[in-house]
Amino acid sequence: MTEPQAVHGTTVGALIASGASALTQAGVAFGHGTSNAHDEASWLVLWRLGIALDSDLDSDALAAQPVDAAQQAQVAALFDERIRTRKPAAYLTQEAWLQGVPFYIDERSIVPRSFIAEILADGSIDDWLSDQTHDVLDLCTGNGSLACLAAMAYPEVQVTGADLSPDALAVARINVERHALQQRVQLVESDGMAQTPGPWDLILCNPPYVNSASMAQLPAEYQAEPQLALAGGTDGMDFIQQLLRDAPSRMREHAILVLEIGNERAYFEAAFPQLPVFWLDTSSGDEQVLLITREALVRHALAEL
């Protein structure tokens, strides 16, 4: 087995280049806030050195900024930990960013990366909402990031973040308090929608949806996350099947459900071939997140009788 490449360099730019090379050589997996070795190396170097993460990486001054021997050793140790443990970088820095907003994270909760965050930020669903939109549910809230972002996007609403995991909710509580949203974001322990009677005007849900074949092949970085937040059964639809049965009776007449299903569109369409949905555009295309109206869910339920 090849020894991990030691990260070295006397400037910020050299450390980033060396770190990216080391990550590539080690074959680590990305997807928890970055998609490539250079971006992840930049994140780790800047964070370890206490440099703002939104710094201009193309700046010659930043690249040439000197790094003393003690700092070099700290950066090298962080890269060694990333490669040796295969933990997502967000667990090492205990911070993840969505739409420019920082959130606390640790191993008690899945690393936040939902494309629903983009939809909240760009207003993609605003035409489906109105001044009657008051009550929002973020189901499978994890570390509470979507619940917080929903409260930020819609200052007039009340948000409930629900999750089966007490550990995840403990992390979510940190983020609600960090962003001073205690008066507008409530957290509830719930198995699916069991403890969330509503009625809701908007339901956001990034559920466990990874099918069993994909679960068996997940890289170590994903295996480091709580499997409860990932595993969706044979076709990835176990949680979603129950959700679509439970949701209509807990939604107001004009309510909508925004659901993330990752790469499982084929399984979703096989499970719900007659259910009309609207696929929403994200930076990953239009096959990751969908919108369903209450009316569509009710009609689907009646057709299933």
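Check the entry above for the structure.
Notes on the structure in this doc start here. Every value quoted in this text rests on a predicted model; they were computed, and no experiment measured them. (Residues numbered from 1 in each chain as written. Predicted model: local features only at pLDDT ≥ 70, side-chain atom pairs only at ≥ 80, totals over all residues. Heavy atoms only, no water.)

## Describing the overall build of the protein
From N to C terminus, the protein includes 13 helices and 9 strands. A compact globule built from 305 residues should have a C-alpha radius of gyration of about 19 Å, and the protein, at 21 Å, falls within 12% of that. With respect to the principal axes defined by its C-alpha atoms, the protein has extents near 70 × 40 × 30 Å. Counting the 305 residues in the protein, one finds 50% classified as buried. When contacts within the protein are restricted to residue pairs at least 6 apart in sequence, those whose partners lie at least 24 apart make up 66%. Surface exposure of the protein reaches about 14100 Å², of which carbon and sulfur atoms provide 50%. (Helix = DSSP H or I, 4+ residues; strand = E, 2+ residues; numbered from the N terminus. Rg over C-alpha atoms; globule rule 2.2 N^0.38 Å. Buried < 20%, exposed > 50% of the residue type's maximum accessible area, 1.4 Å probe, protein only. Contact = heavy atoms within 4.5 Å. Areas by Shrake-Rupley, 256 points an atom, 1.4 Å probe, with all protein chains shown as cover.)

## Here we look at the layout of surface pockets
Counted as a void, the largest pocket has a volume near 1000 Å³. Around the largest pocket, the lining comprises 46 residues; the ones closest to its centre are Ile110, Asn206, Tyr209, Ala229 and Leu230. Of all the secondary structure elements, the ones that give two or more residues to the lining of the largest pocket are strand 3 (135-139) and helix 7 (145-153). Split by residue class, the lining of the largest pocket holds 22 nonpolar, 17 polar and 7 charged. Each pocket or cavity is described by its volume, and for the second largest pocket that value is around 610 Å³. (1 Å grid on protein atoms, 1.4 Å probe; cavity = no way out; pocket = protein on both sides within 12 Å on 5 of 7 lines; lining within 4 Å. Points joined across faces, edges and corners; volume = space filled by probe spheres on them. Nonpolar A, V, L, I, M, F, W, Y, C, P; charged D, E, K, R; others polar.)

## Side note on the packing of helix 1 (residues 12-26) against helix 2 (residues 37-49)
Interaxial distance between helix 1 and helix 2 falls to 8 Å at its minimum, and their mutual angle equals 130°. As summarised for this structure, helix 1 and helix 2 are arranged oblique, according to the angle between their axes. The two elements helix 1 and helix 2 cross, and the hand of that crossing is right-handed. Here Val12, Leu15, Ile16, Gly19, Ala20, Leu23 and Thr24 of helix 1 lie close against helix 2, whose contacting residues are Ala37, His38, Glu40, Ala41, Ser42, Val45, Leu46 and Leu49. Split into classes, the residues belonging to the contact of helix 1 with helix 2 amount to 10 nonpolar, 4 polar and 1 charged. (Axes fitted to C-alpha atoms, helices over the stretch in contact; angles between N-to-C directions. Parallel < 35°, antiparallel > 145°, perpendicular 65-115°, else oblique. Left-handed = near helix turned anticlockwise from the far one by under 90°.)

## Remarks on the side chain of Glu40
Within the secondary structure layout, Glu40 lies in helix 2. Given the relative accessible area of 2%, Glu40 is considered buried. In this structure Glu40 touches Leu23, Phe30, Thr34, Arg82 and Ala89, once residues within four positions along its chain are discounted.

## Some words on the packing of helix 2 against helix 4 (residues 69-85)
The geometry of helix 2 relative to helix 4 is characterised by a closest axis approach of 10 Å and an angle of 135° between their N-to-C directions. Taken as axis vectors, helix 2 and helix 4 run oblique relative to one another. In the packing of helix 2 onto helix 4, the handedness of the crossing is right-handed. Contacts between helix 2 and helix 4 involve Glu40, Ala41, Leu44, Val45, Trp47, Arg48 and Leu49 from the former and Gln71, Gln74, Val75, Leu78, Phe79 and Arg82 from the latter. Of the residues contributing to the contact of helix 2 with helix 4, the split by class is 8 nonpolar, 2 polar and 3 charged.

## Notes on the environment of Thr10
Here Thr10 shows up in the segment before helix 1. Thr10 has contacts with Gln65, Pro66, Val67 and Gln72, leaving out every residue within four places of it along the chain.

## Concerning the pairing of strand 7 (residues 251-260)
Burial runs high along strand 7: 7 of the 10 residues are buried. For strand 6 (residues 200-205) and strand 7, the ladder comprises 5 bridges, and the chain directions are parallel. Its bridge partner lying in strand 7, Leu204 is registered against Val258. As judged from the 5 bridges shared by strand 7 and strand 9 (residues 285-293), these two strands associate in the antiparallel manner. Residue Leu257 lies in a different strand from strand 9, and its bridge partner there is Ile292. (Pairing = 2+ DSSP bridges.)

## Topic: helix 2
Taking 1.5 Å of rise per residue, 13 residues should cover 18 Å, and helix 2 covers 18 Å from first to last C-alpha, within 8% of that figure. Listing the buried residues of helix 2 in full gives Ala37, Glu40, Ala41, Ser42, Trp43, Leu44, Val45, Leu46 and Leu49. Its side-chain oxygen at 3.2 Å from the backbone nitrogen of His38, Asn36 defines the N-terminal cap of helix 2. Of the residues flanking the end of helix 2, it is Gly50, one or two places downstream, whose phi is positive at about 75°. (Expected span 1.5 Å × (residues − 1). Polar contact = N/O pair within 3.5 Å; in protein donor to acceptor, adjacent residues only side chain to side chain.)

## Comments concerning the pairing of strand 3
Where burial is concerned, most of strand 3 is hidden: 4 out of the 5 residues are buried. Bridge count for strand 3 against strand 4 (residues 158-163) is 5 bridges, and the pairing is parallel. In the strand pairing of strand 4, Leu139 is matched with Ala162. For the crossover from strand 3 across helix 7 to strand 4, the handedness is right-handed. In terms of strand pairing, strand 3 meets strand 6 through 4 bridges, oriented parallel. Paired with Leu139 across the strands is Cys205, a residue of strand 6. (Right-handed = clockwise from strand over helix to strand, strands pointing away.)

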